[in-house]
Every structure is written in structure tokens, then in C-alpha cells.
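Tertiary structure, described
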Amino acid sequence: MSQFENLKNILTKHNQQHLLRFWDKLSEAERSDLSRDLREVNIEEVCSYFERAVKSVEECTKKLDNRMKPIPPEASGSVLKSSKEELDAYRAEGLRLISEGKVGVLLMAGGQGTRLGVTYPKGMYDIGLPSHKPLFQIQAERIRRVEELAFQHTGKKGSVMWYIMTSEQTMEPTMQFLQSRNYFGLNSSNVMLFEQGMLPCFSMDGKIILDTPSRLSKAPDGNGGLYRAMRNRGVLDDIEKRGITSLHSHSVDNVLVTVADPVFIGYSSLKNASCGVKVVPKAYPAEPVGVVCSVDGKYQVVEYNEITTATAEQRDADGQLTFSAGNICNHYFSSQFLRVFLNEHEKFLQLHVAQKKIPYVDETGVQIKPEKPNGIKIEKFVFDVFQFTDSLVVWEVLREQEFSAVKNSDASEKDCPRVARQDLINLHVGYVEKAGGKIVPGPDGSIVCEISPLVSYAGEGLEDIVKGRTFSSPLVLTAPGEEHVHVNGKANGTTCGAVNGVVNGISNGVTNGVH
């Protein structure tokens, strides 16, 4: 049987034979490209995805109000409601796991900066801090700092493994970027990049779309593709080989993320949880964020459009929103759970439909770019894994301390670099003030403060640097070796260029202003 006949038989069985309609006009190289594309796709599986995805759309039109219940108190914790002793215990457990090399970070970094107005991976984006550090650097340096904190706490030097999921489009530029920056001080052997999967795009009637006569139209399979990619790319095997038991997963675009957060990891570990999820209280009842709850006894993230206004506004006796646990794409997984999930449940992960404007080829083979949605992309969501565990815990944190997303350009009023930058500055000003320092506005009347993650992970270790001192904005705290320029700050009424010293074994630099 010829190659063409073999492909035609497979495609005809699933009503996709239109994919070969240009075969006679293709060159040998183009036929090879199309054949490879088709071989890499499990036609039977992806066609079943389309049917399941369409069914899920029908399910999503049904309101879930009567089936929802809040997460039970025994599975919920809060940074505000926990005692100092409890928080110290969680932190100690997390630092212990880090020092023993049992913690890994799963970074979801497949997004391109299209909505930000750039043509490179979102992790390379500079939000405009005085240091001009991109998102990747901020997060890498937080890993370095938390490793140091774990060493100080335990006397053991452990490493946090950084697993970075890219997409087909972002893999190469991300790799080149990290290599050119020497992985921002991390050991390259502790950084592993892997690609998420791709799924064909479908027309509204279930036909796979051709991008060109010799290439299928494909799109990344969503952040829920993390799990299958971990299995297919050998990531889970590497995790188990290294003896990693606890994974912290988050998206690249949260500038306030506490990477490898020892408190969250420790809390989840001490609760023997297979999954954990960080949440922030909803800002207002109609805020368009998903909420973590249970539906028919299964844990789930329910989107804002899946409930009525009455349920969104429902309050408990204390006046708090009944469903207030806002999802911020920040999770904990035990490696044992991930293995069981991948072996037994991944094929049942819910599928979601996004209607998009998808380029396609017309009957003459010319690519057409539609002006309105003409097809669907099928996606998986990372949080849909929750329904497969009965040992999930929820950890509530403060939005102003842990969540500020960078998704849109500054033309937007929300989730943009301008807002994220100010949120980080506000957090760092708070760290300085809590440590006993003061910052006065600069000539323009604003206060700017940036603290390098290499100096402080979450506000610790600043007292000996700033206590009793007054600084003029901008204030930048850096570690030795970081680029900075020294300025006119005021410390206890005296002029200083820079304050350089060793505090608790950590070298620090203080600079005002940047060149």
C-alpha cells in the first residue's frame, strides 16, 4: 500500500480525508512535511477531543449554583488567619524540603508576548523596573535566594530544580536567552526546558484546518498540557530520578510570585496534600475570576460566568463572600500524585473550546486570514486536575503581596506592566518600612523602590540595612556584582553614595538612582 493510500484510509475513517486534497500538487518535500504532520497527530484521539470539547461547551452553559459548596475549613488555610507559630512551622518544613533537594518548580512559560506588543516570549519581558530585570531573571533570582535561606535554616545545601514549559514557538528563543544570561546564576544542570504539546485546530463542523496545503493548523494545548508534556518529554521521570517530592507550579506572568514558596510548600506537605492551590479573596462579587470550590463533591474551579449573580453575591454570617477563593494559577503537586494522575486519569482531563480567527487555505491553496472567528482551538486547563484528588488544600494569600499579572500592554487598565510595576514597588516600599526604614519622594514626587531578590526573598534580612535610615527615591537595593550606580541617599541625616556591608552573612548594596 502506498503512503498516500495508507494516509487516506486513516483519514477517511475519521472523515478528515480533505487534508489530502492538494496531494497531487505538492512537491516531494511538501508531501514529506504533510506526512510528518499527520504521523505526529493521533487522528482518532484528536477527533475524539473535538467531540468531547463540544460536549463540554454544552455542559458549561448550565449554571452550577445548586451543585456548589465552599472548600471545607479543614482543607483551607490562610496567611492572615494562621498564627506566627503555624507560619514558622510551615516555612521550616518547606525550607527543609528545599535543603534536601526535594522541591521543583514547574514554570508555565509558553506564552508569546503578543498582547504585550512584543514578538518574544513573555518571560523575557522587562516591565520597567529600575534594574530592567526581565520576568525570567526575577524568578530565577528568587530561586537562588530561597536556596540560600534553606541553607541558612538547615545547614544543608540543596537545589531547586527549575522545569520550564515552553511552546513550539518559544522554545528556541527561551533557550538562547537563558544560555546567553548564564541562567541568571543558576546551575544549568538544574534547569530543564520542555515543550508543551500542540493540537490541531478545527472548523466549526469538526474538520481539521490546513494552515498551508502541506501543513496542519496547530495551536498549543493550553496550560493543562503541562501534564502530558511532563510525561512525554521525560520530565516526570527526571523528577522521580532526582527524588523530588514537591512541585510548585505557576505561570510566568505573575511578577509577585514567591517562587518555590516554602510556606505554601510546607503547608501542603504537612497536610499530606496531593494538590494545593493558592487563592486570593475576590475583590468584589462580580470580579471575572474563577473560584475554587467543590461541585458534586469534586474539587473544581468554577468560572464567573458559570454561576448566577445571586450566588456570586452570597455571603456568610460574618459578611464574607461565600465563594471568594479567587484562582491565580499557582499550585502545589506531590510527584506521587502526578504519576498516578498521568497513568490513570489524564485522558479524562476536561477539554475547553476557544473560538478564534484561524488562517486557512481555500480550494485553490491560497491562505485566507478570516475577519471573524471561523474555528476552534482546543485547550486543557491546569486546574482541571483537582477533580482527580480527594486531598486538595487551599492556601489563601494577600493579592497585594503575591499576585499581579502581566498580560496586556499599558494601553489596558488591568494586568499590564504599569500596574504590575507599581504593585512590586508598593510591596518593596512596605518591606523597607516594616524593617524600620523610610523613603521620601524624589524630585517628581513619586516613591520608587526595588529590592533585588538576591537581597531579600520576602522582606527578610533588611533591618541592618535600612533601620533608622531615610532614603530619597529612587531606592534600589542590590547584591554585590549586580549593576547599579550610587547616588545621593540620606542615611541618618548623612549623605552616602552606597551602603555596602555584610548583614547576616549576606552582602548587600544600597543605591539611589539608576543610570
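Right, let's walk through the structure included here. All values derive from a computational prediction rather than experimental measurement.

Procedures and definitions
- Residues numbered from 1 in each chain as written.
- Predicted model: local features only at pLDDT ≥ 70, side-chain atom pairs only at ≥ 80, totals over all residues.
- Heavy atoms only, no water.
- Salt bridge = Lys/Arg side-chain N within 4 Å of Asp/Glu carboxyl O.
- Helix = DSSP H or I, 4+ residues; strand = E, 2+ residues; numbered from the N terminus.
- Buried < 20%, exposed > 50% of the residue type's maximum accessible area, 1.4 Å probe, protein only.
- 1 Å grid on protein atoms, 1.4 Å probe; cavity = no way out; pocket = protein on both sides within 12 Å on 5 of 7 lines; lining within 4 Å.
- Points joined across faces, edges and corners; volume = space filled by probe spheres on them.
- Nonpolar A, V, L, I, M, F, W, Y, C, P; charged D, E, K, R; others polar.
- Contact = heavy atoms within 4.5 Å.
- Arc of directions from axis to C-beta.
- Right-handed = clockwise from strand over helix to strand, strands pointing away.
- Pairing = 2+ DSSP bridges.

1. Some points on the pattern of salt bridges
Within the structure shown, the criterion is met by 28 salt bridges. A salt bridge links Asp296 to Arg67; its shortest N-O distance comes to 2.7 Å. Of this pair, Asp296 sits in the loop between β13 (291-295) and β14 (298-302) while Arg67 is found in the loop between α3 (43-60) and β1 (68-69), placing the two residues 229 residues apart along the sequence. The salt bridge partner of Asp88 is Arg91, with a shortest N-O separation of 3.2 Å. Placement of the pair is Asp88 and Arg91 together in helix α4 (residues 84-99), with a separation of three residues, close to one helical turn. Taking the relative accessible area as the measure of exposure, Asp88 reaches 34% and is therefore partly exposed. Here Arg91 falls in the partly exposed class, since its relative accessible area comes to 34%. By sharing partners, the salt bridges in this structure join Glu93, Arg96, Glu100, Lys102 and Lys156 into a single network.

2. Section: empty space enclosed by the protein
Scanning the model with the defined rule gives two cavities of 30 Å³ or more in all. Roughly 140 Å³ of internal volume is contained in the largest cavity. Of all the elements in the fold, those that place two or more residues in the lining of the largest cavity are α5 (135-154), α13 (417-434) and β22 (449-451). At four residues, α13 tops the list of elements feeding residues into the lining of the largest cavity. Among the residues making up the lining of the largest cavity, the classes are represented as ten nonpolar, five polar and two charged. Volume-wise, the second largest cavity comes out at about 30 Å³. If you trace the second largest cavity, you find it lined by Val280, Glu287, Val289, Gly326, Asn327, Ile328, Arg399 and Phe403. Among the elements that line the lining of the second largest cavity, the one with the most residues is strand β15 (residues 325-334), at three residues.

3. Overview of the layout of surface pockets
Counted as a void, the second largest pocket has a volume near 1,100 Å³. Every residue lining the second largest pocket is counted, 32 residues in all, and those nearest its centre are Arg91, Lys434, Ala458, Gly459 and Glu460. At the level of secondary structure, the elements contributing two or more residues to the lining of the second largest pocket comprise α4, α5, α9 (262-270), α12 (399-402) and α13. Broken down by element, the lining of the second largest pocket gets its largest block of residues, six residues, from α4.

4. Some details on the environment of His331
Topologically, His331 is positioned in strand β15. Considered as a pair, His331 and Thr309 are 22 residues apart in the sequence and their alpha carbons are 28 Å apart. Leave out the neighbours within four places in its chain, and His331 touches Leu247, His248, Ser249, Phe264, Gly276, Val277, Val382, Phe383 and Phe386.

5. Here's the deal with helix α8 (residues 235-242)
Those residues of α8 that sit buried are Val235, Leu236, Asp238 and Ile239. For α8, the angular spread of buried residues about the axis comes to 160 degrees, placing them on one side. Buried residues in α8 make contact with β4 (161-166), β5 (191-195), α7 (226-232), β11 (246-251) and α11 (335-344). Two residues or fewer past α8, Gly243 is found with a positive phi of approximately 80 degrees.

6. Some thoughts on the pairing of β4
Of all six residues that make up β4, six are buried, and the element is covered over most of its length. The alternating pattern of β4 places Met161, Tyr163 and Met165 and Trp162, Ile164 and Thr166 on opposite faces, both of which are buried. The β-α-β motif built from strand β3 (residues 103-108), the intervening α5 and the parallel element β4 has right-handed crossover chirality. Relative to β5, β4 runs parallel, the two being bridged by five bridges. Residue pairing in the sheet places Thr166 in a bridge with Glu195 of β5. What joins β4 to β5 is helix α6 (residues 171-180), and the crossover it makes is right-handed.

7. Looking at unusual backbone geometry
Pro474 follows Ser473 through a cis peptide bond whose omega is 5 degrees. Summarising the element assignment, Pro474 is placed in the loop between β23 (470-472) and β24 (475-478). For Tyr183, which is not glycine, the phi dihedral falls at a positive 55 degrees. One can find Tyr183 in the loop between α6 and β5. Even without being a glycine, Asp415 presents a positive backbone phi close to 50 degrees.

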